[in-house]
Amino acid sequence: MGLFGLFTIGVAVYATGQINNTSRSYSDLLKGDAAAGLDMAHANRALGDVRANVGNFLVSTTQAQRQLRKHDISVASDQFGSFLNKAARLAPAQASEILAVKSAGETLLNATCANTFKLASDANVPPLVAQAAYLSQCEPQFSIVSQEAVRVAQHIQSLTSAQSNALNAAAHRSVTITYAVILGGLLLVLVGGFFAIRIW
């Protein structure tokens, strides 16, 4: 019985170690890829806010309104970049994809839509001209960048799901092995005790 007690303690130590390893892996997963996927979603929402504020900027009729909309665009743009930088830090294996989305967003605002902002800021240019430039040059690119952000987020999500499934399988194996070893050890003790009694 003493040997069985020591055996049981050894199994308990093994099982505890496996559970701790799985727990740490889950924590790393939640702090890494899973959190990065959430930041990607926040970034995409911020890009949507940029898009909406550009539209509001185009229909502004006073200089004060234009300044307010420019501020809103700047805030949302900063949030877009900040969320993507954070996602890249959390998921370094996918950092190149994430930062490519950030670069595409910056190009969209600083280059692709530059003519739209220039026309909309010129009091001598009719509003319809700026709006036409926006619809033909700027607005379609928002969808392209947003779709790419969604694609990268889905890629990260698929990796997260795969890791989660692997951890679930590992936890299941640990439980199965633990039960099998305990039952096997108990059986050995009973058989050993039976023969020991008979010999004695």
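Look above for the structure.
What comes next concerns the included structure. What you are looking at is a predicted structure, and each value in this text was computed from that prediction instead of being measured. (Residues numbered from 1 in each chain as written. Predicted model: local features only at pLDDT ≥ 70, side-chain atom pairs only at ≥ 80, totals over all residues. Heavy atoms only, no water.)

In this section: the overall build of the chain. When helices and strands are tallied, the chain shows five helices and zero strands. Its helices and strands taken in sequence order, the chain reads α-α-α-α-α from the N to the C terminus. Excluding contacts between residues fewer than 6 apart, the proportion of contacts in the chain whose partners are at least 24 apart in sequence is 75%. Split by element, the accessible area of the chain, about 12,000 Å² in all, is 64% carbon and sulfur. (Helix = DSSP H or I, 4+ residues; strand = E, 2+ residues; numbered from the N terminus. Contact = heavy atoms within 4.5 Å. Areas by Shrake-Rupley, 256 points an atom, 1.4 Å probe, with all protein chains shown as cover.)

With the rule as written, the count across this model stands at six salt bridges. Linking Asp72 and Arg69 is a salt bridge whose minimum nitrogen-to-oxygen distance equals 3.3 Å. Of this pair, Asp72 and Arg69 both sit in helix α2 (residues 63-90), three residues apart, roughly one helical turn. Residue Arg151 is joined to Glu148 by a salt bridge in which the shortest nitrogen-to-oxygen separation is 2.8 Å. Here Glu148 and Arg151 lie together in helix α5 (residues 127-199), a separation of three residues that amounts to about one turn. We classify Arg151 as partly exposed; its relative accessible area is 37%. A cluster of three or more residues bridged by salt bridges with shared partners is formed by Glu97, Glu148 and Arg151. (Salt bridge = Lys/Arg side-chain N within 4 Å of Asp/Glu carboxyl O. Buried < 20%, exposed > 50% of the residue type's maximum accessible area, 1.4 Å probe, protein only.)

The full count for this structure, using the stated rule, is one disulfide. Two residues, Cys113 and Cys138, share a disulfide whose sulfurs are 1.8 Å apart. Disulfide Cys113 to Cys138: torsion about the S-S bond roughly 85°, handedness right-handed. Taken together, the residues span a long stretch of sequence, with Cys113 in the loop between α3 (95-112) and α4 (114-121) and Cys138 in helix α5 at a distance of 25 residues. Using a relative accessible area of 0% as the deciding quantity, one classes Cys113 as buried. The class of Cys138 is buried, set by a relative accessible area of 0%. (Disulfide = S-S within 2.5 Å.)

With respect to the helices and strands, Ala104 occurs in helix α3. On a C-alpha basis, the gap between Ala104 and Phe142 in space is 9.6 Å, while along the polypeptide they are 38 residues apart.

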